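Spelled out, the chains give:
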Amino acid sequence: QVQFVESGGGLVQPGGSLRLSCAASGIIFSIYAAGWYRQAPGASRELVAGITRSGSTNYADSVKGRFTISRDNAKNTVYLQMDSLKPEDTAVYYCNVKSGDSPFALSSWGQGTQVTVSS
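Note that the structure is predicted; figures quoted are calculated from it, not measured. Throughout, residues of each chain are indexed from 1 in the direction in which the sequence is written. Since the coordinates come from a predicted model, pLDDT governs what is reported: local features require at least 70, and pairs of side-chain atoms require 80 or more to be given and counted, while whole-chain, interface and lining totals use all residues. Processing note: side-chain calculations cover all non-hydrogen atoms of the structure and skip hydrogens and water entirely.

Enquirer: Give a description of the state of the cysteines that names residues and reports values.
Expert: Pairs of cysteine sulfur atoms within 2.5 Å are what we label disulfides. One pass over the full model with this rule turns up one disulfide. Each sulfur of the disulfide joining Cys-22 and Cys-95 lies 1.6 Å from the other. One end of the pair, Cys-22, is in strand 3 (residues 18-25); the other, Cys-95, is in strand 9 (residues 91-98), with 73 residues separating them in the sequence. The cut-offs for exposure are 20% and 50% of the maximum accessible area for each residue type, with area from a 1.4 Å probe on protein chains only; residues under the lower value are buried, those over the upper are exposed, and the others partly exposed. Residue class for Cys-95 comes out buried when judged on its relative accessible area of 1%. Helix and strand definitions follow DSSP, with helices as H or I runs of at least four residues and strands as E runs of at least two, each counted in order from the N terminus.

Here's what the structure looks like:
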């Protein structure tokens, strides 16, 4: 059974940083692209950062230059370094696997981790 466990969220002031982690199990993680998604209250879930099997990355325009996605296949883990956080980054953040550059998640969702940016 595929499972994702996200961690590292919290309350941070505008301009601050957080590092999210997502541990995957029940899946051969290294053969998939992976992505971080977020869902703000009243909004749809959106892809904010993706990383291919080979490590190529892409970002939503809203986070480009501020967020960095990385992966450690040996640990079945994907990370999201978030810097210069803004109140509009407030959301529940989820990870998932996906196919190449497609934005669509391939598996069921974990619990996510709450990120709140507020002074």
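After that view, the rundown keeps rolling.
Enquirer: Run through the packing of aromatic side chains, naming residues and quoting values.
Expert: In summary, the pairing rule links any two rings of Phe, Tyr or Trp, Trp by its six-membered ring, whose centres are within 6.5 Å, and it sorts them by plane angle into stacked for under 30 degrees, edge-to-face for over 60 and tilted for everything else. Applying the stated criterion across every chain yields a total of two aromatic pairs. Where Tyr-37 meets Trp-109, the ring centres are 5.0 Å apart and the plane angle is 80°; that geometry is what we call edge-to-face. With Tyr-37 in strand 4 (residues 33-39) and Trp-109 in the loop between strand 9 and strand 10 (113-117), this residue pair connects regions lying 72 residues apart in the sequence. By relative accessible area, which is 4% here, Tyr-37 ends up buried. Among the residues examined, Trp-109 registers a relative accessible area of 34% and is labelled partly exposed. In textbook terms, an aromatic cluster arises when at least three aromatic residues are bridged by ring pairs, as seen for Tyr-37, Tyr-94 and Trp-109. Counting as a charge over the ring demands two things of the Lys NZ or Arg CZ atom: a distance within 6 Å of the ring centre and an angle within 35 degrees of the ring normal. The lysine or arginine in question, Arg-19, covers the ring of Tyr-79, its NZ or CZ lying 4.1 Å from the ring centre. Over the face of the ring belonging to Phe-29 we find Arg-71, whose NZ or CZ atom lies 4.5 Å from the ring centre.

Enquirer: Could you give me a rundown of the sheet that holds strand 2 (residues 10-12), with the residues and numbers involved?
Expert: Two strands are said to pair when DSSP picks up at least two bridges between them. What the six strands build is an open sheet, ordered 2-10-9-4-5-6; its pairing is mixed. With partners counted over all chains shown, the strands left at the sheet margins are strand 2 and strand 6 (57-59), one partner each. Going across the sheet, the axis of each strand differs from the next one's by a mean of 25°, ignoring polarity. Pairing between strand 4 and strand 9: seven bridges, direction antiparallel. Paired with Ala-34 across the two strands is Val-97, which belongs to strand 9. Note on definitions: angles span 0 to 180 degrees between N-to-C directions of axes, and those axes are lines fitted to C-alpha atoms, for helices only across the stretch in contact.

In short, shape yes, function no, at least from these values alone.
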